[in-house]
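# Examining the three-dimensional arrangement
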Amino acid sequence: MGPEAVPEPEPEAEVQPVAPAVRPSAETIDTAPLNPPQGSAKMQARDVSVSYGDKQALKDVSIQIFDDRVTAFIGPSGCGKSTFLRCLNRMNDTIPSARVTGEIELDGEDIYSPRMDVVQLRARVGMVFQKPNPFPKSIFENVAYGPRIHGLAQNKTELAEIVERSLKRAGLWDEVKDRLQESGTALSGGQQQRLCIARAIAVDPEVILMDEPCSALDPIATAKIEELIHELRGRYAIAIVTHNMQQAARVSQRTAFFHLGELVEYGKTSEIFTNPRERRTQDYITGRYG
Ligand SMILES: Nc1ncnc2c1ncn2[C@@H]1O[C@H](COP(=O)(O)OP(=O)(O)OP(=O)(O)O)[C@@H](O)[C@H]1O
């Protein structure tokens with residue numbers, strides 16, 4: 001749609017779900033217009049392509065990521081979901097063979113510009129990985145490290161306040177407040193993942209990227225992270241890669257379906273799972289491949 005057009009709000013589709021087991025929850029129903037006016041996106045990708053050496057992994061991906069909303073990236077293994085997620089905070093810079101073309105903006109600013117400070121960018125666009133990866137340091141230090149190197153606290157009291165606030169937001173404070181000096185690696189997998197979320201939150205990010213954050217966790221720890229994602233979405237723009245379609249339906253308001261390096265379809269989660277436009281999306285969500 002044209003950049004100037006202000007779309008009419010779209011009525012929710014009155015159709016039977018294509019995949020009844022993957023019915024979006026009432027909480028994820030998104031009544032906002034799919035394409036709000038130009039300039040309102042938190043992040044905007046245009047024609048992003050990525051190659052590793054001479055192998056192309058992503059082709060011309062354009063998408064907008066919005067504040068206050070969770071955007072899920074789904075698709076079969078190897079379709080480029082993680083590659084695209086990593087473009088959003090330039091994590092692909094750390095892979096020597098990766099070559100990224102196209103444009104990605106954060107609040108209208110080109111993140112691939114030579115003027116962009118990549119350390120600052122990764123604080124503004126934080127990342128949580130598939131496998132919880134706390135530093136081999138205390139719980140306190142895991143969260144305090146980022147604010148300290150970014151100079152976010154004037155003194156020890158302020159630093160302690162940031163640590164407490166971040167652990168509270170990550171839903172971990174009550175479980176660790178009496179053992180902040182214990183090693184972060186001694187926590188359970190689910191607690192470690194919430195510690196990594198607290199670490200990302202501590203530097204006051206605007207966007208949080210999550211790359212299959214629950215795939216190493218049991219169902220109870222997974223449920224806690226999903227609940228946390230619900231709570232965090234009012235504060236941050238969140239993009240999550242997941243293999244689990246039920247999870248995408250539960251936690252996201254927008255879903256992007258990738259296949260063979262292309263963004264096949266992007267839309268409201270409620271519509272992608274009930275009334276997809278593309279045959280390939282329908283085949284994937286009904287389990288025909290992937
Ligand atoms: N560091 C790398 N070097 C070379 N090729 C890579 C690298 N990372 C990913 N690829 C290739 O890029 C393509 C997309 O991979 P990517 O990990 O982005 O897919 P994905 O959809 O996230 O897959 P999965 O769901 O299995 O994690 C694949 O063909 C993969 O083999």
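All residue numbers refer to position in the chain's written sequence, counted from 1. Reporting of local features is limited, given that this is a predicted model, to residues whose pLDDT is at least 70; pairs of side-chain atoms are given and counted only at 80 or more, and all residues count toward the totals for whole chains, interfaces and linings. Derived side-chain values reflect all non-hydrogen atoms in the structure, with water molecules and hydrogen atoms excluded from consideration.

The name given to the protein chain in an unreviewed UniProt entry is Phosphate ABC transporter ATP-binding protein, with Sphingomonas sabuli as the source organism.

It is worth spelling out the packing of aromatic side chains at this point. Each Phe, Tyr or Trp ring, with Trp reduced to its six-membered ring, pairs with another whose centre is within 6.5 Å; inter-plane angles below 30 degrees give stacked pairs, above 60 give edge-to-face pairs, and intermediate values give tilted ones. With the rule as written, the count across this model stands at 5 aromatic pairs. Arranged with centres 5.8 Å apart and planes meeting at 40 degrees, the rings of F84 and F258 form a pair that is tilted. In this pair, F84 sits in helix α1 (residues 81–87) while F258 sits in strand β9 (residues 254–259), placing the two residues 174 residues apart along the sequence. Grouping residues by exposure puts F84 and F258 together as buried. With a centroid separation of 5.1 Å and an interplanar angle of 25 degrees, the aromatic rings of F257 and Y284 are classed as stacked. Taken together, the residues span a long stretch of sequence, with F257 in strand β9 and Y284 in helix α10 (residues 279–285) at a distance of 27 residues. The helix count covers DSSP runs of H or I at least four residues long, the strand count covers runs of E at least two residues long, and both are numbered beginning at the N terminus. The classification of residues rests on relative accessible area computed with a 1.4 Å probe and restricted to protein chains. Under 20% of the type maximum is buried, over 50% is exposed, and intermediate values are partly exposed.

Turning our eyes to something else, we now look at the site of the ligand. Surveying the vicinity of the ligand reveals 15 residues, the closest of which are K55, S77, G78, K81 and T83. Pairs of N or O atoms within 3.5 Å make up the polar contacts considered here, provided that, within protein, one atom can donate a hydrogen while the other can accept it, and that residues adjacent in sequence are counted only when both atoms are side-chain atoms. Interatomic distance of 2.6 Å between a side-chain N/O atom of S77 and an oxygen atom of the ligand. Between an oxygen atom of the ligand and a main-chain N or O atom of G78, the distance comes to 2.8 Å. When the free accessible area of the ligand is taken as 630 Å², the share hidden by the protein chains comes to 66%. Nearness of a residue to a molecule or strand requires only that one of the residue's heavy atoms be within 4 Å of it. Computed with the Shrake-Rupley method and a 1.4 Å probe, the accessible areas treat only the protein chains shown as cover for residues.

For the rest of this paragraph, the subject is the pairing of strand β8 (residues 237–241). Here β8 lies mainly inside the structure; 5 of its 5 residues are buried. What you see with β8 is no split at all: A237, A239 and V241 on one side and I238 and I240 on the other are buried throughout. Being paired, for any two strands, means DSSP has found at least two bridges between them. Bridge count for strand β7 (residues 207–211) against β8 is 5 bridges, and the pairing is parallel. Within β8, the position partnered with M210 by the bridge is I240. The definition of a right-handed crossover adopted here requires that, viewed with the strands pointing away, the path from the first strand over the helix to the second runs clockwise. Tracing the backbone out of β7, into helix α7 (residues 219–232) and back to the parallel element β8 gives a crossover that is right-handed.

Now for the nonpolar core. For the purposes of this section, nonpolar cores are sets of buried Ala, Val, Leu, Ile, Met, Phe, Trp, Tyr and Cys residues that join through side-chain atoms within 4.5 Å. Counting residues in hydrophobic clusters, the biggest one holds 45 residues, and the most contacted among them are L167, I197, M210, I229 and I238. Looking at which element gives the most residues to this core, the answer is helix α6 (residues 189–202), with 6 residues. Ignoring sequence-local partners within four residues, the contact set of I229 consists of V70, M210, I238, I240 and V251. With 33 residues, the next largest nonpolar core counts V48, I111, A237 and V241 among its residues. Any two residues whose heavy atoms approach within 4.5 Å at even a single point are treated as in contact.

As a further point, take the sheet that holds strand β1 (residues 43–52). Hydrogen bonding along the main chain pairs the strands of a sheet, whether they run parallel or antiparallel. The strand order across the open sheet built from 4 strands is β2-β1-β4-β5, with neighbouring strands paired in antiparallel fashion. Each end of this open sheet is capped by a strand with a single partner; those strands are β2 (55–65) and β5 (109–110). One ladder, built from 8 bridges, connects β1 with strand β4 (residues 98–106); its direction is antiparallel. In the strand pairing of β4, S51 is matched with R99.

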